[in-house]
Amino acid sequence: MDYESFIQRLMENLINVQKTFEKIIAVDKKINHREFEDCVFKNCDFSNSDLCNNTFMDCEFIDCNLSMVQLAGSSLKTVRFKNCKLLGIQFQGCDDFLFDVGFQDSVLDYASFANKKMPKTQFSGCSLKEVTFIGTQLNNSVFDNCNLDRAIFNDTQLAGTDFRTAYNYSIDPEFNPMKKAKFTTQGIVGLLDKYDIKIE
């Protein structure tokens, strides 16, 4: 479905409920002030598009390219992303009310979750290279088999967060509260980087 057909379909109803949108190509486009509830997006390309001021509730994105989309003012309420490209998305611009996201087998490199409250978030099989978690509330979240190479943790709430299968992370416990966070013995190395010591 091309962009014009997609917009024509959306114009019929500003509120879209229980709809499936497949193979939509909408690169560098504007899609604003729409509501999507219990909708599924499959094999869609919204890269570099303006998706500001939309509401997504109980929605799922599967095999979609959302790299560099703008989401300022948009609501993500129980939204799941599976096998998606999400490069560089500034999630901190999303509405804080009921913000709830989850990611599986997705690429989020260079994205930012700065200052978001997102406890119990599930990241599974994701690439999170250079992602910003400054001031983020991630208590009891799970990073399952995730690459956290050069991800930035500073003033990040990590109590109870599970890093046991995560890798390439570097986290300073002095600046990131992490009571009862879970690590493997090997993973402890990522908490001691600043001391430049060897553990054998």
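Report follows, based on the coordinates. (Residues numbered from 1 in each chain as written. Predicted model: local features only at pLDDT ≥ 70, side-chain atom pairs only at ≥ 80, totals over all residues. Heavy atoms only, no water.)

## What about the environment of Gln137?
Part 1: Relative to the assigned elements, Gln137 resides in the loop between strand 8 (122-124) and strand 9 (142-144).
Part 2: A relative accessible area of 23% means that Gln137 is categorised as partly exposed.
Part 3: Taking the C-alpha atoms as reference points, Gln137 and Phe183, 46 residues apart in sequence, are found 18 Å from one another.
Part 4: Not counting residues up to four positions away in its chain, the partners in contact with Gln137 are Lys116, Lys117, Met118, Pro119 and Gln157.
Part 5: A polar contact of 3.0 Å, which involves the side chain of Gln137, links it to the backbone nitrogen of Asn139. (Helix = DSSP H or I, 4+ residues; strand = E, 2+ residues; numbered from the N terminus. Buried < 20%, exposed > 50% of the residue type's maximum accessible area, 1.4 Å probe, protein only. Contact = heavy atoms within 4.5 Å. Polar contact = N/O pair within 3.5 Å; in protein donor to acceptor, adjacent residues only side chain to side chain.)

## A look at the state of the cysteines
Part 1: Under the counting rule described, the total for this entry stands at 0 disulfides.
Part 2: For Cys94, which is in no disulfide, the shortest distance to another cysteine sulfur is to Cys52 and amounts to 8.9 Å.
Part 3: The buried category is assigned to Cys94, whose relative accessible area is 4%.
Part 4: The thiol of Cys146 is unpaired, and the distance to the nearest cysteine sulfur, on Cys126, comes to 4.8 Å.
Part 5: The exposure class of Cys146 is buried, given its relative accessible area of 0%. (Disulfide = S-S within 2.5 Å.)

## What about the pattern of salt bridges?
Part 1: In this structure the tally under the stated criterion is 5 salt bridges.
Part 2: A salt bridge links Asp100 to Arg80, with the shortest nitrogen-to-oxygen separation between them at 3.2 Å. Residue Asp100 is located in strand 7 (residues 100-104), and its partner Arg80 is located in strand 6 (residues 75-82); the two are separated by 20 residues in the primary sequence.
Part 3: Residue classification places Arg80 among the partly exposed residues on the basis of a relative accessible area of 33%.
Part 4: A salt bridge links Asp162 to Arg164; the shortest N-O distance between them is 2.7 Å.
Part 5: Linked through salt bridges whose partners overlap, the residues forming this network are Glu130, Asp149 and Arg150. (Salt bridge = Lys/Arg side-chain N within 4 Å of Asp/Glu carboxyl O.)

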